[in-house]
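For reference, the chains in residue letters:
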Amino acid sequence: MTNHSCCHSNNNNSGKKPSGIRRFDLLFWFSLIAVGTLYFLGILFPDFVAKFDWLNTMAHTAHQMIHAMWWGVAIGAIFIGILSKVPREFVMAILGRGGSVSGLFRATAAGVLLDLCSHGILMVGVKLYERGASAGQVMAFLLASPWNSFSLTLILIGLIGFKWTMVFIALSMLIGFITGWVFDRFVHAGILPKNPADVVLPTDFKFWSQAKRQLRQTQFNADFFKTLLLNGIRDSKMVVRWLLFGVFLAALLRALFDPTQFERYFGPTLIGLIITIAVATVLEVCSEGSTPIAADIVTRANSPGNGFAFLMAGVSTDYTEVMILKDTTKSWKIALFLPLITVPQVVLVAWLINVSYGGG
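Keep in mind that what you see is a predicted model, and the values were worked out from it rather than measured.

Quick word on the nonpolar core
Right, so step 1: Leu128, Leu142, Ile160, Phe168, Phe183 and Phe308 are the most contacted members of the largest nonpolar core, which has 61 residues in total.
Right, so step 2: A per-element tally of this core places helix H17 (residues 332-357) first, with nine residues.
Right, so step 3: If near-sequence neighbours (up to four positions away) are discounted, Phe308 is found in contact with Phe168, Leu171, Ser172, Ile175, Val349 and Ile353.
Right, so step 4: Residues Met65, Ile80, Leu244 and Val247 belong to the second largest nonpolar core, which totals 21 residues.

Below is the structure:
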């Protein structure tokens, strides 16, 4: 497809000053060097690293998280590159009109069905906003499934059973839809800013006929795929910088606080629920990492509500996600409204699950 309507918004996020002088991205390079150093120290000098418990923990965390998230980031970058080639009209024709119930349903379904980890989903969600999706659609897309991977869903079924997995999926979709609906209502009321990339489709827009015409005009040559890959890498930098910083912070927190110390506090009580959400907030854990932890909370602490809260709070209170949303939307209000709107729902639903299960 042609790229005539793409990437205009990227000009403002290219990391350059108006004069054309490139800014030094301190956060990106600090995080990259710190995480890279920890990663390769653990590989090249394991005996030296093992002498220091704190360094061994940090190196192991960096190694574990990089291996868990790299494929999601890579696939997310490819999706971003593809989206950069797709005119905004087609993106919105697929997602539906922003602010509408059907648009929220489509975004929620896409969040569940797209087989990506939470990092890949976040990268694609950012690009969808740049292509014209409403704030509500993006939130529904991000929250629809807290693990965002078909393979991880199968793993979760094996860990906690089919029934609880289906309950978790249904409830996460419900919270995603409600959150998206509230966001769109706030945007309509002027409480939150409207997406400046909003696209209004022409009344005579025909998706399939337009798509066929665009495909016929597109030359799928080496330059096309080179541009697609470079666009994906360039537009992913804003997300990767926060992910790397999250890995570094997680490594530091794990070195300072042993996560096993928290396990005995994850029981199905209100205090246990509060502690669970607090731990999910401060521990930067990818979907691959959060799934087995949540399963342990369900099975070992006999607290299914807390397990659900751990999965959901890891998405709705994740500081990297909040910062990425702020950078993307240019609005602190939109970023901070994510936990403000989502956390009360998560607490209520998790508490109801625990009560119905016999805890509370």
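Points about the side chain of Ser316
Right, so step 1: As for its position among the elements, Ser316 is in helix H15 (residues 304-316).
Right, so step 2: Setting aside residues up to four positions removed in sequence, Ser316 forms contacts with Leu143, Leu338, Pro339, Thr342 and Val343.

Digging into empty space enclosed by the protein
Right, so step 1: This model, assessed by the stated rule, comprises two cavities of 30 Å³ or more.
Right, so step 2: Looking at the second largest cavity, its volume works out to about 50 Å³.
Right, so step 3: In terms of lining residues, the second largest cavity is bounded by Gly125, Val126, Tyr129, Ala135, Val138, Met139, Leu325, Thr328, Thr329 and Ile334.
Right, so step 4: Of all the secondary-structure elements, those providing two or more residues to the lining of the second largest cavity are helix H6 (118-130), helix H7 (135-143) and helix H16 (319-329).
Right, so step 5: Counted by class, the lining of the second largest cavity contains seven nonpolar, three polar and no charged residues.

Structural notes on a nonpolar patch on the surface
Right, so step 1: Taken together, the side chains of Phe40, Ile43, Leu44, Phe45, Phe48, Phe52 and Trp54 make up a nonpolar region of the molecular surface, amounting to roughly 740 Å² of accessible area.
Right, so step 2: On the secondary structure map, Phe45 appears in the loop between helix H1 (26-44) and helix H2 (46-50).
Right, so step 3: Note on Phe45: relative accessible area 47%, which makes it partly exposed.

Some remarks on the confidence of the model for the protein chain
Right, so step 1: The predicted model of the protein chain has a mean per-residue pLDDT of 78, with 78% of residues at 70 or higher.
Right, so step 2: Contacts of residues 1-20 to residues separated by more than four positions or lying in other chains number 45 contacts, the stretch itself having pLDDT below 50.

Focus on the UniProt feature "transmembrane region" (unreviewed entry) in the protein chain
Right, so step 1: In this numbering, the UniProt entry assigns the feature "transmembrane region" (unreviewed entry) to residues 26-45, 65-83, 104-126, 138-157, 164-183, 239-257, 264-283 and 334-353.
Right, so step 2: As a span, residues 26-45 carries 95% helix and 0% strand, and end to end its C-alpha atoms are 27 Å apart.
Right, so step 3: Between the C-alpha atoms that bound residues 164-183 there is a distance of 28 Å. The span itself is 100% helix and 0% strand.

What counts and how
- Residues numbered from 1 in each chain as written.
- Predicted model: local features only at pLDDT ≥ 70, side-chain atom pairs only at ≥ 80, totals over all residues.
- Heavy atoms only, no water.
- Core = buried A, V, L, I, M, F, W, Y, C linked by side-chain atoms within 4.5 Å.
- Buried < 20%, exposed > 50% of the residue type's maximum accessible area, 1.4 Å probe, protein only.
- Helix = DSSP H or I, 4+ residues; strand = E, 2+ residues; numbered from the N terminus.
- Contact = heavy atoms within 4.5 Å.
- 1 Å grid on protein atoms, 1.4 Å probe; cavity = no way out; pocket = protein on both sides within 12 Å on 5 of 7 lines; lining within 4 Å.
- Points joined across faces, edges and corners; volume = space filled by probe spheres on them.
- Nonpolar A, V, L, I, M, F, W, Y, C, P; charged D, E, K, R; others polar.
- Patch = residues over 30% accessible without salt bridge, like charges linked within 9 Å, V, L, I, M, F, W, Y side chains within 5 Å.
- Areas by Shrake-Rupley, 256 points an atom, 1.4 Å probe, with all protein chains shown as cover.
- Salt bridge = Lys/Arg side-chain N within 4 Å of Asp/Glu carboxyl O.
- pLDDT = per-residue confidence, 0-100.
- UniProt positions renumbered as here; feature names shortened; annotations may be inferred.

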